[in-house]
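# A look at the structure
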Amino acid sequence: RDIVEGRDPKVTQSQLVRMEVSPSAYTQRRLSPTPLDFPRVAPQVQGREHRLIYGTTWDPHSPFPDVPVCLDARRGTALMRPLLRPAEYASEGVLVAKQGARQEDEVYLLSLVMHAKGAQLRVYDGAEPTAPAIAQADLPGPIPLGFHGNWVPAKR
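Only a predicted model underlies this, so the values are computations on that prediction, with no experimental measurement involved.

Counting 19 residues, the largest nonpolar core has Leu16, Leu31, Ile53, Tyr54 and Leu71 as its most contacted members. Of all elements in the fold, only strand 4 (52–58), strand 5 (65–72) and strand 9 (107–115) reach the threshold of two or more residues within this core. Core analysis: the second largest hydrophobic core is formed by six residues, Met114, Ala119, Leu121 and Val123 among them.

Here is the structure:
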């Protein structure tokens, strides 16, 4: 809203917290010092114990969560993906399990990346959190900053 109304945006960085509730206690702990937004886990581990959480984090020079990141919740570490040029903004990532996937890093991370000349769909390998995209496709028109989406299998 701040940007649309011509004001400098208020930077609010979300933190990933694990909450545990028992009949006698409530605890919470931050999983990493790295801020994280739009968290997702691999489809094959949804609803079960998991270690890896994919999302976006903040570039030090941006008010937006705009860099794809893989957070290791057990270690508290975060590995970031490189963007190829200045002023690129990656959207919320969508995870797609690789064919026959069993491990939680056997995913593709799909991300829309907006830049001054348009947008691209980039595909990253979830098993290599710091590697550049393994595929990319230029999109025919601009995508609004803040676009969110999911990929759903087609009916067969």
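We are not done yet, so read on.
Another aspect to go through is the side chain of Glu88. Relative to the elements of secondary structure, Glu88 occurs in the loop between strand 6 (77–80) and strand 7 (89–90). Here the side chain of Glu88 touches Arg122 through a polar contact of 2.7 Å, side chain to side chain.

For Thr34, the position within the fold is in the loop between strand 2 (26–30) and strand 3 (37–40). Of the residues examined, Thr34 reaches a relative accessible area of 16% and is grouped as buried. Not counting residues up to four positions away in its chain, the partners in contact with Thr34 are Gln15, Thr57, Leu71 and Ala78.

Moving on: the packing of aromatic side chains. Per the stated rule, a full pass over the model turns up zero aromatic pairs. The residue whose ring lies beneath Lys98 is Tyr108, and the NZ or CZ to ring-centre distance is 5.2 Å.

At Phe38, a residue that is not glycine, the phi angle is positive and equals roughly 55 degrees. Summarising the element assignment, Phe38 is placed in strand 3. Classification of Phe38 as partly exposed rests on a relative accessible area of 24%.

Further remarks concern the pairing of strand 6. On a regular strand, one side chain projects to one face of the sheet and the next to the other, so that they alternate. Pairing of strand 5 with strand 6 involves four bridges; the strand directions are antiparallel. Bridge pairing in strand 6 places Cys70 opposite Leu79. Linkage of strand 5 to strand 6, two consecutive antiparallel strands, is achieved through a turn of four residues, within which Gly76 is found at a positive phi near 80 degrees.

What follows concerns the pairing of strand 5. Taken across its eight residues, strand 5 has eight buried, putting it largely inside the fold. Linkage of strand 4 to strand 5, two consecutive antiparallel strands, is achieved through a turn of six residues.

Here we come to the pattern of salt bridges. For side chains bearing opposite charge, pairing can occur when the charged atoms are close. Scanning the entire structure with this criterion turns up six salt bridges. In this structure, Arg75 and Asp72 form a salt bridge, with 3.5 Å as the shortest nitrogen-oxygen distance. Owing to a relative accessible area of 65%, Arg75 belongs among the exposed residues under this scheme. When the shortest N-O distance is used, the salt bridge between Asp125 and Lys98 registers 2.8 Å. One end of the pair, Asp125, is in strand 10 (residues 118–125); the other, Lys98, is in the loop between strand 8 (94–97) and strand 9, with 27 residues separating them in the sequence.

The next thing to look at is the sheet that holds strand 4. As summarised here, the arrangement of the four strands in space is 3-4-5-6, forming an open sheet in which the pairing is antiparallel. Two strands close off the open sheet at either side, each with one partner strand: strand 3 and strand 6. Each strand of the sheet is rotated relative to its neighbour by a mean of 30 degrees, with strand direction disregarded. Note that strand 3 and strand 4 share two bridges and pair antiparallel. Within the sheet, the bridge partner assigned to Arg40 lies in strand 4 and is Tyr54.

Conventions adopted
- Residues numbered from 1 in each chain as written.
- Predicted model: local features only at pLDDT ≥ 70, side-chain atom pairs only at ≥ 80, totals over all residues.
- Heavy atoms only, no water.
- Core = buried A, V, L, I, M, F, W, Y, C linked by side-chain atoms within 4.5 Å.
- Buried < 20%, exposed > 50% of the residue type's maximum accessible area, 1.4 Å probe, protein only.
- Helix = DSSP H or I, 4+ residues; strand = E, 2+ residues; numbered from the N terminus.
- Polar contact = N/O pair within 3.5 Å; in protein donor to acceptor, adjacent residues only side chain to side chain.
- Contact = heavy atoms within 4.5 Å.
- Phe/Tyr/Trp six-rings, centres within 6.5 Å; stacked < 30°, edge-to-face > 60°.
- Lys NZ or Arg CZ within 6 Å of the ring centre and 35° of its normal.
- Pairing = 2+ DSSP bridges.
- Salt bridge = Lys/Arg side-chain N within 4 Å of Asp/Glu carboxyl O.
- Axes fitted to C-alpha atoms, helices over the stretch in contact; angles between N-to-C directions.

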